[in-house]
Amino acid sequence: VAAALAEARLLTEPEPPQGLVKQNAESKTYPLGPGALLLGDTLLAANKVEAAEAIFLQLLKDTPRSRQPLEGLMRVQWRRGDLVTASAYAIRALELAERGPELAVEEIIELRKLLQEAGDLQRVDALNRQLVFRFDREMAEMQALIAASQPSVQPLRLKPSAENNRAQTARDDRPGDGAALGGGAISDWAPVSSAAALSSVAVSVKDRRALTAAAKDMFNHTHLLPGQAEVLACVQRREHVLAVMPTGAGKSLCYQLPAFLGEGVTLVVSPLLSLMKDQIDGLPARLRSQAIAVNSSMDGDNLRRIVARIAARQYRLVYIAPERLRQLPFVHALRAAGVARLVVDEAHCVSIWGHDFRPDYLHLAQAHDDLGAPPILAITATAPPRVRHDIERQLLGRSTGRQPAMRVLVGDTFRPNLNLTAIRVRDDEEQQEALIGLLHQLPAPGLVYVRSRQRSEELAQLLTGLNVPAAAYHAGLEDRSEIQDRFIRNELAVVVATVAFGMGIDKPNIRFVVHCGMPNSIEAYYQEIGRAGRDGQRADCVLLYSEGDRATLTRLAERSQMTTAAVGTAYQTICRTLGAATTGLLSPAALADTLHASVTDVRMMLGILEQSGLLQRHYDAPQNVTIQRLPPPSGRKADGALARFLRDANLEDRHMASGDFISLATATGLPVAKLEAQLLAWQSDGWLRYYPAGRVPLVSLPPAPANAAQRVESLLSQRAAVAQQRIQEINEYTHSRHCRHTYLNAYLGGQSPALAKSRCSVCNNCGAGIELPAANSASSAANYVLAALAEQSWGRRTLVQLLRGDSAASERAQAAANYGCLRDRSERSLNQMIDSLLGEGLIAARTLDHGGLTLETTRLGLEAVQRSQTAAKRSAKPPRTVTSAHARWHKKG
């Protein structure tokens, strides 16, 4: 310990940033020996948090398959109060523990304490079961030792108890020590959270009647939905509120009604233009003229007229994208109009760790302050307990002492009219067979979600060929709005869509939602199935997944994960762009071209640099400006500052001047970051007119922190941990054998008394759900793959050639009994099936002496082959070549 403390003093000496500043200064490195874990824990105990984090990050690089560095990083984030990231590291550690060695009891207790604090009740329950299981096992081992040493003594027997019954249930359910995590029943542990049920809000009979009457008068609603009166009461009391309500619960009325009842502007920040359009189109005609959606298509004189009308309080309800609050003239106009409340729709986008985060949400806290800190209503259907704290922190600032805390209200996430089913398939062909089988059973209209644009077009074409009115929908189509309108008008029975479709859809009679492949996260899944059954009638939500989906999601997450080197290159490029200046304008498009990256990636990099302290973003600024000098208002004389500005801007003898924004700041000696605010103030006083054009980010480069590289690395590590956590959670949902609605309710922290017994009666794990015929061509195809490997082992490439009847296959492969039995299947499909069979444990990969890999059947696989052969003998049907749905259709065509 003394040695660790001595080294800690060295490690905490200031070091220059590594590769992220203009000077490429080299920094000292400290070799990590066997005592590195102890060193990291000692630094953390001494409150040297950043130094401890550096140790654990380096250990994670050196030993990526070890869970101890993950647990160290978990403790670091826990110390910082970031339960979101801490729980992400904890879940990665639990995932590694499933592969062994098993968790120590001390680890279980620590992980349980963190996850309990984070509100992850399902994993707390699973860890409780592990502790009971471990106690029973160790007690049995002790009894066996006693019995072996003293044969005449009867072994100690425990009295039956609820704990032992739960332990037995856990042993019955679990295939291994860690496999049950995330799939268990809900425990009795209470979450450490300030969240309360919507029903906990006191609303008097008089107030409820008044709200109902106003909703009837303005919106023709005969009654309020559960939870609406409670949220409306809090809004009228000007409280900061985070309301978590399921889709179809009438969230929009919670801010639309106060907007038209009270004074001032209700400002709604929304992530999608389609959402804004639907909200305004859905307003009664007499209110629609008092609402406006300010979108990116508005520019020039049109935008200036709209901003002037907002400032003149001609609109009561204003919808904007978060990027709009980066524009100071717009914020200035809103401040003049008086913002009565700030509404953040789809509030999960605010959280850095939410499933749909956008960097421009980082600016909301600053804009909120500049708008006069009006009451906030943040509203969403998907904010798990661990994300709610982050939403509050992002909106009200990290120090809640200067602001009243948010009131967190959570509704019932259980929608009993949604019937949930998860069905395992093995490849795209079996997925198609299953989809066709589902469409024979399910009434239209419905949505089919897929992962790629190509897949959406393939399936839409297949369904159209089967006389199903279907269309593909993805971001690459120019006529997306027309497809959406045709679906709303019931002209299309099925839309096969990527995630670009759905968030803005308010179609009440969607009868099914089918996911072809695991979605990116549970939050995304819950939001997408929330499109179904909004009329209260039964709707089916079916998830078709394969064992290869998890690997696909992991691969996509790793591909999109930024590296420290890429962020460092972006920082160096920004430094070169600004040159000797410490503040200047950046064009994301130009930066993207230089870095050979997308504009979206560039914006994410700017966000990472901002969070790391390497860059400060101000309000966006114009590239060019035009200034018109006006006659002095009411005969007043310009003060000294204004007189100097007019002189330096060459406006003493001229009425108008134009030029670039940076040059104007340089010529007048005003700080670049404060110039626009001063121009707007003089414009408000009537001294001049200000016309900006071409807005881009305005950034400053503060002195780089000594640990800049570590800060960036830490943020990227946290992002990777959270991304893997989402994949793990959706994978657990698909494989869970417990009530699916209970799983979703617990994950989202919902208040659902109907699920108190952990049974919903409307999911396939509770005896309901959709079933498909047991036999289909794809499952037969899997039997052919197993039969080929039961005959002898093959390399993957050779096996695919053998099954497809490829003439390039070896003579030995061409002589095999199953040569060409799956010739209609693509290489991609067969590789998917092999991945699925590997994931199911029916086949395994073995490393040969020369380093190559060969595939062979496992014991489970051989048993499956034997069952298949027995069934074939009983049916007495001759073997046939399997034909897929895709091949049958093309043959028909």
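Predicted, not measured: the structure shown is a model, and the values here were computed from it.

Novice: Please clarify how the pairing of strand β13 (residues 512-516) should be interpreted in this entry.
Specialist: Taken residue by residue, a regular strand's side chains alternate between the two faces of the sheet. The buried fraction of β13 amounts to five of the five residues, a majority that puts the element mostly inside the structure. Side chains F512, V514 and C516 project from β13 onto one buried face, and the interleaved V513 and H515 project onto a second face that is buried too. The pairing of strand β10 (residues 446-449) with β13 spans four bridges and is parallel. The residue bridging L447 from the neighbouring strand is V513, located in β13. Strand direction decides the pairing type here: β13 and strand β14 (residues 539-545), joined by five bridges, are parallel. Bridge pairing in β14 links C516 to L544.

Novice: Honestly, the pattern of salt bridges in this entry has me stumped. Any pointers?
Specialist: Two side chains of opposite charge can pair, provided their charged atoms sit close to one another. For the structure on display, the rule yields 37 salt bridges. Measuring nitrogen to oxygen at the nearest pair gives 3.2 Å for the salt bridge that ties D427 to R825. Here D427 is found in the loop between β9 (418-424) and α18 (428-441), whereas its partner R825 is found in the loop between α33 (811-814) and α34 (827-840), with 398 residues between them in sequence. Each member of the pair D427 and R825 is classed as buried. Put simply, D120, R123, E729 and E732 are held in one network by salt bridges that share partners.

Novice: In this structure, what is going on with the side chain of K507? I would like to understand it.
Specialist: The topology assignment puts K507 in the loop between β12 (494-497) and β13. Although K507 is buried, it makes no salt bridge; D535 carries the closest opposite charge, 9.3 Å away. Of the polar contacts made by the side chain of K507, one reaches the backbone oxygen of F487; its length is 3.2 Å. In this structure the side chain of K507 is engaged in a polar contact, spanning 3.3 Å, whose partner is the backbone oxygen of I488. Leaving out residues up to four positions away in the same chain, K507 has contacts with P445, F487, I488, N490, R531 and R534.

Novice: Sorry if this is basic, but what is going on with the sheet that holds strand β15 (residues 583-585) here?
Specialist: Sheets are built from strands that pair by backbone hydrogen bonding, the pairs being arranged parallel or antiparallel. Spatially, β15-β20-β16 is the arrangement adopted by the three strands of the open sheet, whose pairing is antiparallel. Every other strand in the sheet has two partners, leaving β15 and β16 (616-617) as the edge strands with one partner each. As defined by bridge partners, β16 adjoins strand β20 (residues 698-700) across two bridges and the pair is classed as antiparallel. Bridging from a neighbouring strand, Q616 pairs with S700 of β20.

Novice: I'm lost on empty space enclosed by the protein in this one. Help?
Specialist: Sizing a probe to match a water molecule and rolling it over the atoms shows the empty space that remains. Counted according to the given criterion, the structure contains five cavities of 30 Å³ or more. What the largest cavity holds in volume is close to 80 Å³. Taken together, the elements giving at least two residues each to the lining of the largest cavity come down to α17 (385-396) and α30 (740-748).

Novice: Would you mind going over the sheet that holds β14 with me for this structure?
Specialist: Strand order in the open sheet formed by six strands is β9-β14-β13-β10-β12-β11, and the pairing between neighbours is parallel. Either end of the sheet is taken by a strand with one partner, and the two such strands are β9 and β11 (470-473). Across the sheet, the mean angle separating the axes of adjacent strands is 15° when strand polarity is ignored. Strand direction decides the pairing type here: β11 and β12, joined by four bridges, are parallel. Looking across to β12, one finds that A470 is bridged to V494.

Novice: Help me understand the packing of aromatic side chains, please; the structure alone is not making it clear to me.
Specialist: Geometrically, a pair of aromatic rings is defined through the distance of the ring centres and the angle of the planes. By the definition in use, this model includes five aromatic pairs. Pairing Y255 with Y319 gives two aromatic rings, centres 6.5 Å apart and planes at 70°, and the pair type is edge-to-face. Residue Y255 is found in helix α11 (residues 253-261), and its partner Y319 is found in strand β5 (residues 317-320); the two are separated by 64 residues along the sequence. Judged by its relative accessible area of 1%, Y319 is buried. Put simply, the rings of Y525, Y733 and Y743 touch in pairs and so form one group of aromatic residues. Its guanidinium or amino end placed over the ring of F487, K507 lies 5.3 Å from that ring's centre, counting from NZ or CZ.

Novice: Please clarify how unusual backbone geometry should be interpreted in this entry.
Specialist: Leaving glycine aside, a negative phi is the common case for residues, and trans is the common case for peptide bonds. Going from A444 to P445, the amide bond is cis rather than trans, its omega being 0°. Mapped onto the elements of the fold, P445 is located in the loop between α18 and β10. For R313, which is not a glycine, the phi torsion comes out positive at approximately 65°. In this structure, R313 sits in the loop between α14 (300-311) and β5. According to the relative accessible area criterion, R313 is exposed, its value standing at 55%.

Novice: Explanation requested: the nonpolar core in the structure shown.
Specialist: In a soluble, globular protein the nonpolar side chains are often hidden away together inside. In terms of nonpolar packing, the biggest core is built from 93 residues, with V294, V318 and F645 touching the most fellow members. In contact with F645, other than residues within four places in its own chain, are I627, L664, T668, L670, L675, L679, W682 and L688. With 44 residues, the next largest nonpolar core counts A381, L418, I522 and L748 among its residues.

Novice: Just checking my understanding: could you explain helix α20 (residues 480-488) for this structure?
Specialist: Since there are 3.6 residues in each turn of an α-helix, residues three or four apart along the chain are aligned in direction. Buried residues of α20: I483, Q484 and F487, and no others. Projected down its long axis, α20 carries its buried residues within an arc of 100°, all on one side. Backbone geometry just downstream of α20 places N490 in the positive-phi region, at approximately 65°.

Novice: How should the confidence of the model for the chain be read in this particular structure?
Specialist: Residues with a pLDDT of 70 or more make up 85% of the chain, whose mean pLDDT is 81. Taken element by element, the chain is modelled with least confidence in helix α8 (residues 162-173), mean pLDDT 38, and with most confidence in β13, mean pLDDT 95. Across residues 1-30, where pLDDT falls below 50, the model places 50 contacts with residues more than four positions away in sequence or in other chains. In the model, residues 878-893 has pLDDT below 50 throughout and makes 32 contacts with residues more than four positions away in sequence or in other chains.

Novice: How do you make sense of helix α32 (residues 796-804) when you look at a structure like this?
Specialist: Within α32 the residues assigned to the buried category are L799, V800, Q801, L802 and L803. Phi turns positive one or two residues past the end of α32, at G805, with a value near 70°.

Novice: Is there a simple way to explain the packing of helix α21 (residues 522-529) against α30 in this structure?
Specialist: Two measures define how a pair of helices packs: the angle their axes make with one another and the distance between the axes. In contact at an axis separation of 11 Å, α21 and α30 are set at 115° when each is read in the N-to-C sense. α21 and α30 meet at a crossing whose hand is left-handed. Between α21, through I522, E523, Y526 and I529, and α30, the contact on the second element is made entirely by Y743, L744, Y747 and L748. Taken together, the residues of the contact of α21 with α30 sort by class into seven nonpolar, no polar and one charged.

Novice: Looking at this structure, how should I read the side chain of R316?
Specialist: Structurally, R316 is set in the loop between α14 and β5. There is no salt bridge for the buried R316, and the closest opposite charge comes from E263, which lies 5.1 Å off by N-O distance. Excluding its chain neighbours within four sequence positions, the residues that come into contact with R316 are A259, F260, L261, G262, E263, G264, V265, T266 and Q290.

Novice: Would you mind going over the pairing of β10 with me for this structure?
Specialist: Because side chains alternate across β10, one face comprises the buried residues G446 and V448, and the other comprises L447 and Y449, equally buried. Across four bridges, β10 lies against β12 in parallel orientation. From the neighbouring strand, L447 faces β12, where its bridge partner is V495.

Novice: It is not clear to me how the packing of helix α26 (residues 640-648) against helix α28 (residues 672-684) should be interpreted in this structure. Could you clarify?
Specialist: At their nearest, the axes of α26 and α28 sit 12 Å apart, and the two run at 110° to each other. Comparing the axis directions of α26 and α28 gives the class roughly perpendicular. Contact residues: A641, L642 and F645 in α26; L675, L679 and W682 in α28. Residues that form the contact of α26 with α28 fall into these classes: six nonpolar, no polar and no charged.

Novice: Sorry if this is basic, but what is going on with the state of the cysteines here?
Specialist: One covalent bond between the sulfur atoms of two cysteine residues makes up a disulfide. Tallied over the entire structure, the rule returns zero disulfides. In this structure C766 is not part of a disulfide, and its nearest cysteine sulfur, from C763, lies 3.7 Å away.

What counts, and where the lines are drawn
Just so you know, the residues in each chain are numbered from 1, in the order the chain's sequence is written. Two thresholds apply to this predicted model, a pLDDT of at least 70 for residue-level local features and 80 or more for giving and counting side-chain atom pairs, whereas whole-chain, interface and lining totals are computed over all residues. With hydrogens and water excluded, all non-hydrogen atoms of the structure serve as input to the side-chain values. Buried residues are those whose accessible area, probed at 1.4 Å on protein chains only, stays under 20% of the maximum for their type, while exposed residues exceed 50% and partly exposed ones sit between those limits. Per the convention used, a helix needs a DSSP run of H or I reaching at least four residues, while a strand needs a run of E reaching at least two, with both numbered from the N terminus. Paired strands, as defined in this entry, are two strands with at least two bridges between them according to DSSP. The salt bridge definition used is simple: a Lys or Arg side-chain nitrogen within 4 Å of an Asp or Glu carboxyl oxygen. When charges are counted, neither His nor the chain ends are considered; positive counts come from Lys and Arg and negative counts from Asp and Glu. Polar contact is defined as a pair of N or O atoms within 3.5 Å, subject to the rule that within protein one atom must be able to donate a hydrogen and the other to accept it, and that residues adjacent in sequence are counted only when both atoms are side-chain atoms. Two residues form a contact once any of their heavy atoms are found within 4.5 Å. A 1.4 Å probe that fits but cannot get out identifies a cavity on a 1 Å grid over protein atoms alone, an open set with protein on both sides within 12 Å along at least five of seven lines counts as a pocket, and a residue lines either if it has an atom within 4 Å of a point. Grid points are joined across faces, edges and corners, and a volume is the space filled by probe spheres set on the points. For helices, the axis comes from a line fit to the C-alpha atoms of the stretch in contact; other axes are also lines fit to C-alpha atoms, and the angle between any two N-to-C directions lies between 0 and 180 degrees. Centre distance within 6.5 Å is the pairing criterion for rings of Phe, Tyr and Trp, where only the six-membered ring of Trp is used; planes under 30 degrees apart are then read as stacked, over 60 as edge-to-face, and the remainder as tilted. Whether a charge lies above a ring is judged from NZ of Lys or CZ of Arg, which has to be within 6 Å of the ring centre and within 35 degrees of the ring normal. Buried Ala, Val, Leu, Ile, Met, Phe, Trp, Tyr and Cys residues form a nonpolar core when they are joined through side-chain atoms within 4.5 Å. Regarding the arc, it is the one traced by the directions from the helix axis to the C-beta atoms. Per residue, pLDDT captures the predictor's confidence, and it can take any value from 0 to 100. What makes a crossing left-handed is the near helix being turned counterclockwise from the far one by less than a right angle; a clockwise turn instead makes it right-handed. Nonpolar residues are Ala, Val, Leu, Ile, Met, Phe, Trp, Tyr, Cys and Pro. Charged residues are Asp, Glu, Lys and Arg, and all others, Gly as well, are polar. Oblique is the label for any angle not under 35 degrees, not over 145, and not in the 65 to 115 range, which are roughly parallel, roughly antiparallel and roughly perpendicular in turn. When the sulfur atoms of two cysteines come within 2.5 Å, that pair is taken as a disulfide.

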